[in-house]
Amino acid sequence: ALFDAPIDTSYSEDMEPLERMLRQLSQRASALILWLDCDREGEAISDEVRAVCLKGNPRLGTMNRIYRAKFSTVLPGEIERALRTLGRVNENFVAAVQARSEHDLRVGAAFTRFQTLRLQKKFDGFGERGVISYGPCQFPTLGFVVERWARIETFVPEDFWFIEMTIRLNEDGSVVNDIGGGNGQMNGQHNNQSRSIRLNWKRVRLYDRVMTMALYDACLEAGAAVIVSLTGRPKNKWRPIPLATVELQKRASKYLRIGSEELMQKAEELYQQGFISYPRTETEKFRPEFDHHALIQSFQAVQGEFGNYATSLLSNSNFQNPRAGQNDDNAHPPITPAKAVDPQTIADPIQRKVYTLVVKHYLACCSRDAVGRETELTLKIASEEFVAKGLMILERNWLEIYQPFERWSTGQGELPKVRVGSRIVPTTLVMNEGQTSAPTPISEVELISLMDRNGIGTDATIAQHITTICEREYAKKDQNQRFHPTKLGIALVEGYNSMGYQLNKPDLRREMEAECSAVAAGRKTKDQILGPVIAKMLHCFRTANAEVEKLDTAVARHFDKLGSNRNNEYSVLQADFSVCGTCNRMMTLKEQRNHRQRSGGNEAGARKMIHCSTCAQAYLMPRYHQQVSPVVDPNNPHTPLFCPLCQFQVIKIGLEGGNSYHVCPKCFRDPPSEHGGDASTDFPCTKCTNIACSLATGVRGGGTEVFSCPFCASSGGTGKVCLRKSASGSYRLSCSNAGRDACQYTIFLPAEARDISVDLGDYGGGGINNNPQSNTLVCHVCSNQNKLVRKIKFVWKAGSVPPMYDREMTTCILCDSNLRSDMNIRLPSMNQVNPRRTGNSGGGRG
C-alpha cells in the first residue's frame, strides 16, 4: 500500500510559524521574488514557498508577478546583479526533485517498515533499537563500506619475492663503482658525502621463489650492470581545477581530517557570513566575466602568506587564468573566497581551516603549473633490468601557496649524468621477500568519490547520507577517517544480497538519478519516469517479502534469536500458557524486564512473547495491549481454539476500553502470503483471508485505497476508503479514519456477493503506472491525475442476481448507477448517517 498510497504534505510544528508569516506577508505583496539556493533543491523549495504565498495572495499568480533571483554570494554587487536579471522558477527542476522525493519516500517507508517489524519479531535487541531505516541512497552508501570490509575479510595473503639494486653517488655526482665482494654486498670505498640511488626491478615481483632465486643468482654472477638508457624530459605538475563541493569534501577529509557533514556545516556558516561563495556547487569552471584580478588584489592587503603570494601572483606575469573542469551546473560558480581576511580573525577554528583551504585552492588555480625535469635511468645486469626515476623541481609556482597540503617529489632527487653503455658495479643487490597485504578500510575520500562517480546523492546530500549510516549504527568512522561496518550493517547487506537483489549496489540509484536528470533537462516528465522505477522497486520489495527467511538467516549469524534470554532479559509470566503448533507442547508467556518505550506519544508496556523451549522459538505479541490470553473453543471450554493454517493456539489481545482482536502467534510472526500476509506489516486474524477460519475477516486488497474519502476531504483532512469484512461475513467500504467519534463514511455492499475484493494487478494498482486511466482495474471516468478510483470485483452467489449479470464482475461503485439501483447500494451524503441494511436487499432478483 505504501507504494501507491496518497501523499499528504504537512508542515512540522516548528515550521508552522514560518508558513503563517509567509501567508500573511504575501497578502500585502504586489510581487514575489524567490531568493532560494540556485540548484535543483533550491528550486523545489522555491516552489513550496510559492505555493504557500499563493494561498495568501492568489493575485500574485494571476498577475504573473512571481520571480526567481539567481545568485551565488550574499555580497552587495551579486545581489544587485541578481535583481537586474530576475527570471522564473525552473519547473523542470521542481518536477525532478519531486520525482526523486516521492520515489525515496515510498521505497524508504516500505522497506523501513518491512525490515523493522521483521527484525523486532525475530531477534533480541531490536525492540529497543527503534527504526531500522532503509534509504535508496543510504543503502548503496553502506554497500560501499561493506564491500570493502568483505574484501578485507576474504583476503588471502600471498608470498612474493623481488630483487632490489642500489648504486651510490659521490659528492660530485659520479658513481661509486670500484667495489667488489660477495653475499650480495659489494664492498668498495666511498666518502661519507655520497648518497644512495635505489633502482626498482622492472618485473616488480614474482610469486615463484625458485624462479626469483635463479634470476638473482644470474645477476650476482654477472657482477656489473650496463647502463641501457638515461632519458630526461620536462615535467609539469598541473595546478588544481576550480573547487566544487565534492572535491572540497575530499580535500577537507584528506588534508584537514574534517568529516564531510561538519565540513558542509562550517562552509555554510562561512557562506552566510560572506567569507566564501555558495558551497554547494558542481561547477568546475569560471565564467569569462569573472574578475580574478580584483579578488586577488583584495588579498594584497592581508598580512602574511596570502598577502605576499597575492602580490607575487600579480607581478612578473605569474597570473594564469584557471583551468576548466568538466562539470558545470549552470547555477553557481566554483567555490571561491568572497572576502579577503586574515584567517586568524575567524574565531571558529574549523571555519578558519576551511576558509584557509578555500583561499589556498583559489590562489593555486590562478597560478602557473609547477615545472620540473624528470630523469629515468635504466640498468641491465644479466637478463634483468632495473629502473630509477629522479625529479628536479625548477619552479614551484602554485606549490608555494598549497603547502603543506601538496608536495612533489620522488625522493630520488637528480640522477647522475652517466654514459650509456658504461658498466657500473651495484653497491647492493639483494633478493627480498614480501607478502601481499589486505586493502585498508574505506576512507571518507574514497567513499565520497565512489558516491559521486555512481550518482549516489547530490553534491548537497552526499555528506548527509554518510552521516546517516553512522547515526543508524550501520557503520562507524575511526580517527583516521575510515569506515567500518557494524554487525547490523553487514547483516542487512548479506540478507538482501542472498535474495538476488543487490540493493547495496548503486545501479538502481544511478538509473533513478539519470531519469531525474532527464526530467530536469525537459526530455521527460515526472509521470513518465515514476511509474517504471517504482514498479521495479515494488518487484524487489515483493521478492524480499517472499524470501524474507534469507534475511533472517543473515541476521541470525550476528544476533541472538528472540527469546534466547542470554542476558536474562525476560521473566516468566505464565508457564503452560498456550499450545505450540509445531511440537504440540505447551509454551511459556514471558515479559521483558525493565522495559518501557514511547512511540508516537503513547507509552507501550513491557514487550511480551510466547516461547517454546522445545522448538527454541519465540513469538512476539503485539506491542499495545492490556491483556494477553489463550482462546478456547466456544463450544468446549477445555479445548484450545487452533489456527487451521499452522495449528497454533489462537491468542486474544485485549485493548483498553474493552475492545479486543485475535492473533495466531505463528502467522503474526510469519504472515502467510497466500492468505493476504505481508512481512512488512502486522498480521492479526482480521487481515487473514482464509475462508476456513471463522476468525479470519480479511479481504484481498483490503488495505488498499479504493478512493479518497470525500467526508475527510471536505473538512481539510485525508482519509482513504477501503474494503472491509465483518466477523459475520458482510462487506463494506469505509474510511480509514472510521470510528464512533470519527469519520462516518460507509457504503454497505450487497449480501448477494459471495466474495468481494480489490484486484491490484501485477504492480500494486494503477497508482504507480504511467497513465492510471489505461489500467483496466481503475475507473477511467472517476479518476484523473490527482485522484485515483479503483474498481471492485464482485463474485455473486448462485441465483442471487438478475440473469443479465455474469457470475463475476469488476466495476466502479461510484459511477455504476445500474449496480447501485439493482443491489440497493446507497452512497452516503454529508451530515447523513447511512443505516445498515438487514436481511436481503429486496432488489435485483428479477
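Up top is the structure these notes are about.
In short, a report on the structure. Only a predicted model underlies this, so the values are computations on that prediction, with no experimental measurement involved. By convention here, each chain's residues receive numbers from 1 onward along its written sequence. With pLDDT at 70 or above as the cut-off, local features in this predicted model cover only qualifying residues; side-chain atom pairs require 80 or more to be listed or tallied, and sums for whole chains, interfaces and linings still use all residues. Hydrogens and water are ignored here; the side-chain numbers use all heavy atoms of the structure.

Some remarks on the overall build of the chain
Argument step 1. Where helices and strands are cited, they refer to DSSP runs of H or I of at least four residues and of E of at least two residues respectively, numbered from the N terminus. The helix and strand inventory of the chain stands at 23 helices and 32 strands.
Argument step 2. Accessibility throughout is a Shrake-Rupley quantity obtained with a 1.4 Å probe, and a residue counts as covered only by protein chains that appear here. With the model as given, the accessible surface of the chain reaches about 41200 Å², and the carbon-plus-sulfur share is 47%.
Argument step 3. Under this rule, positive means Lys or Arg and negative means Asp or Glu; His and the chain ends count for nothing. Lysine's charge is taken at NZ, arginine's at CZ, aspartate's at CG and glutamate's at CD. Each charge class in the chain can be summarised by its mean position, and for the 103 positive and 91 negative side chains these summaries are 4 Å apart.

Side note on the sheet that holds strand E20 (residues 617-620)
Argument step 1. Within the open sheet, the four strands sit side by side as E15-E16-E19-E20. Their pairing is antiparallel. The sheet is open, and its two edges are formed by strand E15 (570-579) and E20, each paired on a single side. Each strand axis lies, on average, 30 degrees off the axis of its neighbour in the sheet, ignoring direction.
Argument step 2. When DSSP finds at least two bridges between two strands, those strands are taken to pair. When strand E19 (residues 608-612) meets E20, the two strands line up antiparallel, connected through four bridges. If you follow Met609 over to E20, its bridge partner there is Leu620. To get an axis, a line is fitted to the C-alpha atoms, and for a helix only the part in contact is used. The angle between two axes follows their N-to-C directions and goes from 0 to 180 degrees.

A closer look at the pattern of salt bridges
Argument step 1. Salt-bridge detection follows one rule: a side-chain nitrogen of Lys or Arg within 4 Å of a carboxyl oxygen of Asp or Glu. Taken as a whole, this structure holds 45 salt bridges when the rule is applied.
Argument step 2. Lys202 serves as the salt-bridge partner of Glu385, at 2.9 Å between the closest nitrogen and oxygen. Note that Glu385 is positioned in strand E10 (residues 384-395) and Lys202 in the loop between strand E7 (195-201) and helix H8 (209-222), a separation of 183 residues in sequence.
Argument step 3. Between Glu511 and Lys536 there is a salt bridge, with its nearest N and O atoms 3.0 Å apart. On the criterion of sequence distance, the pair formed by Glu511 in helix H18 (residues 507-520) and Lys536 in helix H19 (residues 526-546) is long-range, its members being 25 residues apart.
Argument step 4. Because the salt bridges share partners, they merge into one network encompassing Arg118, Lys122, Asp552, Lys666, Arg669 and Asp670.

Things to note about the packing of helix H7 (residues 138-153) against helix H15 (residues 444-453)
Two quantities define a packed helix pair, namely the angle between the helix axes and the distance between the axes.
Argument step 1. Across the interface, H7 lies against H15 with an axial gap of 10 Å and an inter-helix angle of 125 degrees. It follows from the interaxial angle that H7 and H15 lie oblique. Between H7 and H15 lies a crossing of right-handed hand. Taking contact as the criterion, the partners of Thr141, Phe144, Val145 and Arg148 in H7 are, on H15, Glu446, Leu447, Leu450 and Met451.
Argument step 2. Under the scheme applied here, ten amino acids are nonpolar (Ala, Val, Leu, Ile, Met, Phe, Trp, Tyr, Cys and Pro), four are charged (Asp, Glu, Lys and Arg), and all others, including Gly, are polar. Here the residues of the contact of H7 with H15 are counted per class, giving five nonpolar, one polar and two charged. Under this scheme an angle from 65 to 115 degrees is roughly perpendicular, one under 35 degrees roughly parallel, and one over 145 degrees roughly antiparallel; angles in between are oblique. Rotating anticlockwise by less than a right angle from the far helix to the near helix defines a left-handed crossing, while the corresponding clockwise rotation defines a right-handed one. Contacts between residues were defined by any pair of non-hydrogen atoms, one from each residue, lying within 4.5 Å.

Thoughts on the nonpolar core
Argument step 1. Nonpolar core, defined: a set of buried Ala, Val, Leu, Ile, Met, Phe, Trp, Tyr and Cys residues in which side-chain atoms within 4.5 Å join the residues together. Partly exposed residues are those whose accessible area sits between 20% and 50% of the maximum for their type, while under 20% is buried and over 50% is exposed, using a 1.4 Å probe and protein chains only. By size, the foremost hydrophobic cluster in this structure holds 56 residues, and its most contacted members are Phe111 and Phe114.
Argument step 2. Among the elements of the structure, helix H5 (91-122), H7, H15, helix H16 (462-471), helix H17 (487-498), H18, H19 and helix H20 (548-556) are those that each provide at least two residues to this core.
Argument step 3. If one sorts the elements of this core by residue count, H19 sits on top with nine residues.
Argument step 4. Core analysis: the next-biggest nonpolar cluster, separate from the first, contains 50 residues, Ala69, Phe71, Phe306 and Ala370 among them.

Things to note about the packing of H15 against H16
Argument step 1. Close contact between H15 and H16 brings their axes to 11 Å; oriented N to C, the two are set at 120 degrees. By the angle class used here, H15 and H16 are oblique. The handedness of the crossing between H15 and H16 is right-handed. When H15 is examined against H16, the residues Glu444, Leu447, Ile448, Met451 and Asp452 are found in contact with a partner set consisting of Ile462, His465 and Ile466.
Argument step 2. Taken together, the residues of the contact of H15 with H16 break down into five nonpolar, one polar and two charged.

Section: the side chain of His611
Argument step 1. Within the secondary structure, His611 sits in strand E19.
Argument step 2. Residue His611 is classed as buried on the basis of its relative accessible area, which comes to 13%.
Argument step 3. Not counting the four nearest positions on each side in its chain, His611 is found in contact with Gly563, Met587, Thr588, Lys590, Ala616, Gln617 and Ala618.

A look at helix H12 (residues 305-313)
Argument step 1. Within the span of H12, buried status applies to Phe306, Gly307, Tyr309, Ala310 and Leu313.
Argument step 2. Of the surrounding elements, those touching the buried residues of H12 are helix H11 (292-299), helix H13 (349-365) and helix H14 (398-402).

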